[in-house]
Amino acid sequence: QVQLVESGGGLVQAGGSLRLSCAASGRTFSNYAMGWFRQAPGKEREFVAAINWSGGRTTYADSVKGRFTISRDNAKNTVYLQMNSLKPEDTAVYYCAGTSTTVLRPSRYDYWGQGTQVTVSA
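Remember, it's a predicted structure, so these values are computed and weren't measured experimentally.

Undergrad: Residues and numbers for the overall build of the protein, please.
TA: Within the protein, the secondary structure is distributed over zero helices and eleven strands. Relative to the compact-globule value of 14 Å for 122 residues, the protein shows a C-alpha radius of gyration of 13 Å, a close match. By its C-alpha atoms, the protein is 40 × 25 × 25 Å across when sized along the principal axes. Evaluated residue by residue, the protein yields a buried proportion of 48% over its 122 residues.

Undergrad: A description of the sheet that holds strand E7 (residues 68–73) should follow, citing residues and the corresponding values.
TA: Ordered by their spatial adjacency, four strands build an open sheet running E1-E3-E8-E7, and the pairing between neighbours is antiparallel. The two strands at the open ends of the sheet, each matched to only one other strand, are strand E1 (4–7) and E7. Averaged over all pairs of adjacent strands, the angle between strand axes in this sheet comes to 15°, irrespective of strand direction.

Undergrad: Provide a residue-level description of the pairing of strand E3 (residues 18–24), including the pertinent values.
TA: E3 sits mainly inside the fold: five of its seven residues count as buried. Pairing of E1 with E3 involves four bridges; the strand directions are antiparallel. Looking across to E3, one finds that Val5 is bridged to Ala23. With six bridges joining them, E3 and strand E8 (residues 78–83) adopt antiparallel strand pairing. For Leu18, the partnering residue across the bridge sits in E8 and is Met83.

Undergrad: How would you explain the nonpolar core if you had to name every residue and give the values?
TA: Residues Trp36, Leu81, Met83 and Tyr94 are the most contacted members of the largest nonpolar core, which totals 35 residues. Mapped by element, the contributors of at least two residues to this core are E3, strand E4 (32–39), strand E5 (46–51), E7, E8, strand E9 (92–100) and strand E11 (116–121). No other element matches E5, which puts five residues into this core.

Undergrad: So what's going on with the environment of Thr28? Which residues, and what values?
TA: Relative to the elements of secondary structure, Thr28 occurs in the loop between E3 and E4. Separated by 49 residues in the primary sequence, Thr28 and Asn77 have C-alpha atoms spaced 8.8 Å apart.

Undergrad: Lay out the state of the cysteines with the relevant residues and their values.
TA: Disulfide: a covalent bond formed between the sulfur atoms of two cysteine residues. One pass over the full model with this rule turns up one disulfide. The disulfide partner of Cys22 is Cys96, and the gap between their sulfur atoms is 1.9 Å. Disulfide Cys22-Cys96: the torsion about the S-S bond is 50°, which places it as right-handed. Here Cys22 is found in strand E3, whereas its partner Cys96 is found in strand E9, with 74 residues between them in sequence.

What counts, and at which threshold
Residues numbered from 1 in each chain as written. Predicted model: local features only at pLDDT ≥ 70, side-chain atom pairs only at ≥ 80, totals over all residues. Heavy atoms only, no water. Helix = DSSP H or I, 4+ residues; strand = E, 2+ residues; numbered from the N terminus. Rg over C-alpha atoms; globule rule 2.2 N^0.38 Å. Buried < 20%, exposed > 50% of the residue type's maximum accessible area, 1.4 Å probe, protein only. Pairing = 2+ DSSP bridges. Axes fitted to C-alpha atoms, helices over the stretch in contact; angles between N-to-C directions. Core = buried A, V, L, I, M, F, W, Y, C linked by side-chain atoms within 4.5 Å. Disulfide = S-S within 2.5 Å.

Here's what the structure looks like:
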């Protein structure tokens, strides 16, 4: 079993920055592909970014490309999402997810965190 705990959310003005962290339990974190997703009120959950097991490959949703950066530190069992130039439309609950695979963006993630709220004011 792997447990994921997000942190770093909060309230920020448009144009500001936040860094989300996702701490994972378990000894096999380095085997896991990790992803960030978000869900705004009344909307479906959507993909934000993904990173492969080594951190050497990443991919992003078009809506965040150039503004967000996903990274990981396998020694600390942590994945990060650096969010810059935030917009009100980035407001959502952000979730991290993980699964044991070599695929960069798997079709299914086995483990999910509880989410952290990000609110961007205009």
